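Descriptive structure summary
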Amino acid sequence: MKPDKKARAAAAPATRIARLRALLERYNYRYHALDDPEVPDAEYDRLMLELRAMESAHPELITPDSPTQRVGAAPSAAFAAVRHRMAMLSLDNAFTEEEVRDFDRRIRERFPQLAEIAYSAEPKLDGLAFSATYEHGLYVRGATRGDGETGEDVTQNLKTIAALPLRLRTDAPPRVLEVRGEVFMPFAGFRRFNHEAAARGEKILVNPRNAAAGSLRQLDPRITAARPLDLFIYGIGHVEGGDLPQHHGRMLQVLKSWGFKICPLVRAAKSIDECLAYYSEMGASRSGLPYQIDGVVYKVDDLEMQRQLGFVSRAPRWALAHKFPAEEALTTVRDVEFQVGRTGTLTPVARLEPVFVGGVTVSNATLHNMDELNRKDIRIGDTVVIRRAGDVIPEVVRVIAERRPAGAKLVVMPSVCPECGNPVVREAEQAAARCTGGRSCPAQRREEIRHFASRRALNIQGLGDKLIDQLVDANLVRTPADLFDLQTAQLAALERMGEKSAQKLHAAIAASRQTTLPRFLYALGIRDVGEATALALALHFRDLEPLRRADQAEIQKVQDVGPAVAEHVVAYVHDADNGALLDRLIGAGIGWPPIAAPAQGEFDGKSFVLTGTLESLTRDAAHDAIAARGGKVTGSVSKKTHYLVAGADPGSKLAKAEELGITVLDEKAFLEMLAR
Ligand code: D41
């Protein structure tokens, strides 16, 4: 081979790789920073796949800023400390118009020649502050704010957030650029994440702010990658060897053109009056925003004026956070009661002196479990801080120790169940205490029925909580099987039930008998068997009888089923009462389509994630259709995902799937695949 030919052969992949990266970066920028996608997702996927393939054939050409390098870094043992080059200042707070006008007055006194001060006004995101450093246009480091002086090195974690550019979109980047911003978890992602975590029986995230902070501070960046995080850049920490506009608003525009995501609600305000008008406007639209904000921030627009104003005790004189009325309030704990759940878990709930917070009156707050209650040292009679953020369940943040009355009573876990009087036990190494009453406990009976009838289980329409309470209290229903013996006349005799609605409910109960095996297994409410485990069990055993005969060792062979879960499954199916219940349910006509033998279709063993709205079928139906063909539906996109089914208005999963090079099916492609 002639030398020049050899050189060309080697140069070709490098050229193609560079071209692919440039395209992918541009599409990513259009999608995130400009919110204006340039190409269909499938095109992005195709290029990403090609790049991945080329990089694996030529690993020597992989660079850290390649779009393929956002995920997959190995977990670290601890975060290294990062000293901020310039301290990350804090913000002074104002709660009243008077305080805001005082702030403006102080600034005007320093600049008597100016009649009005020009500000930049922006929402104050409720997330976690971070800094990101670029050298010669390449992302090199990310850090949390920490105490303002020293933060934690979260370089790999920040990199997993698709909105953060890995390379600046400019031919002449500054030698060093450090930007600052806020990482947050949008409400939609927060709710989705919690829904999925709850279904898996995992811990839920308390509120979007904690969720963002907790997600960014994961030692395993792959966990961060699976969390629906987003970010906005709101300022500059440090710039060397480059020029930026000397006004905040225009500087943000340049940062945007370099690929950074800037909050679209940032606005120029010519005076403090315009700032106050902005505050009212944001306050009114706040509940409709896709992310949590706790106020707005005003910044003097002129950077030279900022320098002259300087800062006092860690907060700039040129910026002010104008906070919205508190979503936190003080109230007292009247009592702590224990709610009994489906599997007997006792959850402490605080009964509060009713208090108006975040737009609603709150009189109950969950205390999660005894460990949480003890950690916060909550006693009856205490004055506590209650927080209600967005539509998240109200929680007790902390106790005001100084206000503890002399007679404040310690909360003790009852030794017998408040609902049935059976003993309560706390198993070793478990946070939860449980009532041992089983189905003799009315609360457990009620919750078992509730779960059985719920939307993602047998989906019995019209069988709401109030009706279930009545049915259980009247002892018409003791187990789920009793539902199928109910007569229309019995239903019609219940409170607020007419003949018509009784007939409808009777029909709905009858219709629910046609279900799927995964739904049925999930509906049984076996401890620690969420939807994913139910599906895995169904796919492995393919019918109920083999599962009933299985021992623990066999059950442990099921994908993702560990010894603890297997033990609960065995205990359930081998229990005599449950055996009788299963016989009665089958006898009542509950059935499901057979599950196909493995290794047949293109769904087998494949992992699917659903996002967005499908037109021709509901999400549940899509879920069932995939499961029936031997596929598996999971909640979040990971490297193990085979297909993302994307309907209209897809969420962040789409971007994640694109990054990972996962095949994305639109509705049409998905339907075709189902039909094959
Ligand atoms: O959205 C925010 N949370 C936000 C935070 C914002 N829009 N602007 C901010 N600006 C600053 C200064 C003026 C000090 C650069 C901030 C913060 N600081 C901040 N975030 C956490 C501590 C301080």
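As a starting point, this report considers the structure included with it.

Cut-offs used in this document
Chains are numbered independently. Their residues run from 1 in the order of the written sequence. In view of the model being predicted, local features appear only for residues whose pLDDT reaches at least 70, and side-chain atom pairs are presented and counted only at 80 or more, with totals across whole chains, interfaces and linings using the full set of residues. To get the side-chain values, all heavy atoms of the structure are used, and hydrogens and water are removed first. Starting at the N terminus, helices and strands are each numbered in turn, a helix being any DSSP run of H or I of at least four residues and a strand any DSSP run of E of at least two. Each residue is assigned to one of three classes by its accessible area relative to the maximum for its type, calculated with a 1.4 Å probe on protein chains only: buried under 20%, partly exposed between the two thresholds, exposed over 50%. We place a 1 Å grid over just the protein atoms. Points where a 1.4 Å probe fits but has no way out form a cavity, open points with protein on both sides within 12 Å along at least 5 of 7 lines form a pocket, and any residue with an atom within 4 Å of a point lines it. Grid points are joined across faces, edges and corners, and a volume is the space filled by probe spheres set on the points. Here the term charged refers only to Asp, Glu, Lys and Arg, the term nonpolar to Ala, Val, Leu, Ile, Met, Phe, Trp, Tyr, Cys and Pro, and the term polar to all other amino acids, Gly among them. Each pair of strands is called paired provided DSSP finds at least two bridges between the two strands. Should any heavy atoms of two residues lie within 4.5 Å, those residues are considered in contact. Between the N-to-C directions of two axes lies an angle of 0 to 180 degrees, each axis being a line fitted to C-alpha atoms and, for a helix, fitted only over the stretch in contact. Under the pairing criterion, centres of Phe, Tyr and Trp rings, with the six-membered ring standing for Trp, must be within 6.5 Å; the plane angle then separates stacked pairs below 30 degrees from edge-to-face pairs above 60, leaving the rest tilted. The rule is short: NZ of Lys or CZ of Arg within 6 Å of the ring centre and within 35 degrees of the ring normal puts a charge over the ring. One heavy atom within 4 Å of a molecule or strand makes the whole residue count as near it. Polar contact criterion, stated in full: a pair of N or O atoms within 3.5 Å, where within protein one must be able to donate a hydrogen and the other to accept it, and residues adjacent in sequence count only if both atoms are side-chain atoms. Using a 1.4 Å probe, accessible areas were evaluated by the Shrake-Rupley method; residue-level cover was limited to the displayed protein chains.

1. Remarks on unusual backbone geometry
Here aspartate 377, not a glycine, exhibits a phi torsion of approximately 50 degrees, which is positive. Among the structural elements, aspartate 377 can be located in the loop between helix 11 (370–376) and strand 17 (383–387). A positive phi angle is found at aspartate 528, which is not glycine, with a value near 70 degrees. Exposure remark for aspartate 528: the relative accessible area of 41% places this residue in the partly exposed category.

2. A word on empty space enclosed by the protein
Space left empty within the atom packing is revealed by a probe, the size of a water molecule, rolled over the atoms. Using the criterion set out here, one finds six cavities of 30 Å³ or more in the structure. One number sums up the size of the largest cavity: a volume of about 200 Å³. Surrounding the largest cavity, 18 residues form its lining, Glu25, Asn28, Arg70, Pro165 and Leu166 being those nearest its centre. Looking at the lining of the largest cavity, the element that brings in the most residues is helix 1 (residues 3–32), giving five residues. Partitioning the lining of the largest cavity into residue classes produces eight nonpolar, four polar and six charged.

3. Considerations on the environment of serine 280
Along the chain, the position of serine 280 falls in helix 9 (residues 272–285). Using a relative accessible area of 49% as the deciding quantity, one classes serine 280 as partly exposed. For the pair formed by serine 280 and valine 296, sequence separation is 16 residues and the distance between their alpha carbons is 9.9 Å.

4. Description of the sheet that holds strand 24 (residues 663–665)
Within the open sheet, the four strands sit side by side as 22-21-23-24. Their pairing is parallel. This sheet does not close on itself; its edge strands, each paired only once, are strand 22 (632–633) and strand 24. In this sheet, strand 22 lies alongside strand 21 (residues 607–611) in parallel orientation, the contact comprising two bridges. Its bridge partner being in strand 22, phenylalanine 608 is matched across the sheet by valine 633. On top of the sheet, helix 23 (residues 652–660) reaches strand 21, strand 23 (643–646) and strand 24; it is set at about 145 degrees to strand 23, its chief contact.

5. Looking at the environment of isoleucine 378
Relative to the helices and strands, isoleucine 378 is located in the loop between helix 11 and strand 17. Among the residues examined, isoleucine 378 registers a relative accessible area of 2% and is labelled buried. Linking isoleucine 378 and arginine 192, residues 186 residues apart in sequence, is a C-alpha distance of 30 Å. In contact with isoleucine 378, not counting residues within four places along its chain, are Val333, Leu367, Leu373, Val396, Val399 and Val411.

6. Details of the packing of aromatic side chains
For the structure on display, the rule yields eleven aromatic pairs. Between tyrosine 134 and tyrosine 139, the ring centres sit 5.7 Å apart and the planes meet at 55 degrees, which makes this aromatic pair tilted. Residue class for tyrosine 139 comes out buried when judged on its relative accessible area of 11%. Summarising the aromatic geometry, the rings of phenylalanine 608 and tyrosine 643 are spaced 5.1 Å apart at their centres and angled 25 degrees between planes, so their arrangement reads as stacked. You can see phenylalanine 608 sitting in strand 21 and its partner tyrosine 643 sitting in strand 23, a full 35 residues away along the chain. With respect to burial, phenylalanine 608 and tyrosine 643 carry one shared label: buried. By the ring-pair criterion, three or more aromatic residues cluster together here, those being Tyr134, Tyr139 and Phe260. Directly above the ring of phenylalanine 603 sits arginine 629, whose terminal nitrogen or CZ lies 5.9 Å from the centroid.

7. A few points about the site of the ligand
Lining the immediate surroundings of the ligand are 16 residues, of which Leu89, Glu122, Leu125, Tyr234 and Lys299 lie closest. At 2.9 Å from an oxygen atom of the ligand is found a main-chain nitrogen or oxygen belonging to leucine 125. Taking lysine 299, its side chain carries an N or O atom lying 2.9 Å from a nitrogen atom of the ligand. Computed on the free molecule, the ligand has an accessible area of 490 Å², of which 86% lies beneath the protein chains in the complex. Those elements that provide at least two residues to the shell around the ligand are strand 3 (119–125) and strand 10 (293–300). It is strand 3 that provides the largest number of residues to the shell around the ligand, a total of four residues. Here the residues of the shell around the ligand sort into ten nonpolar, one polar and five charged.

Scope: geometric values only; no functional claims are made or implied.
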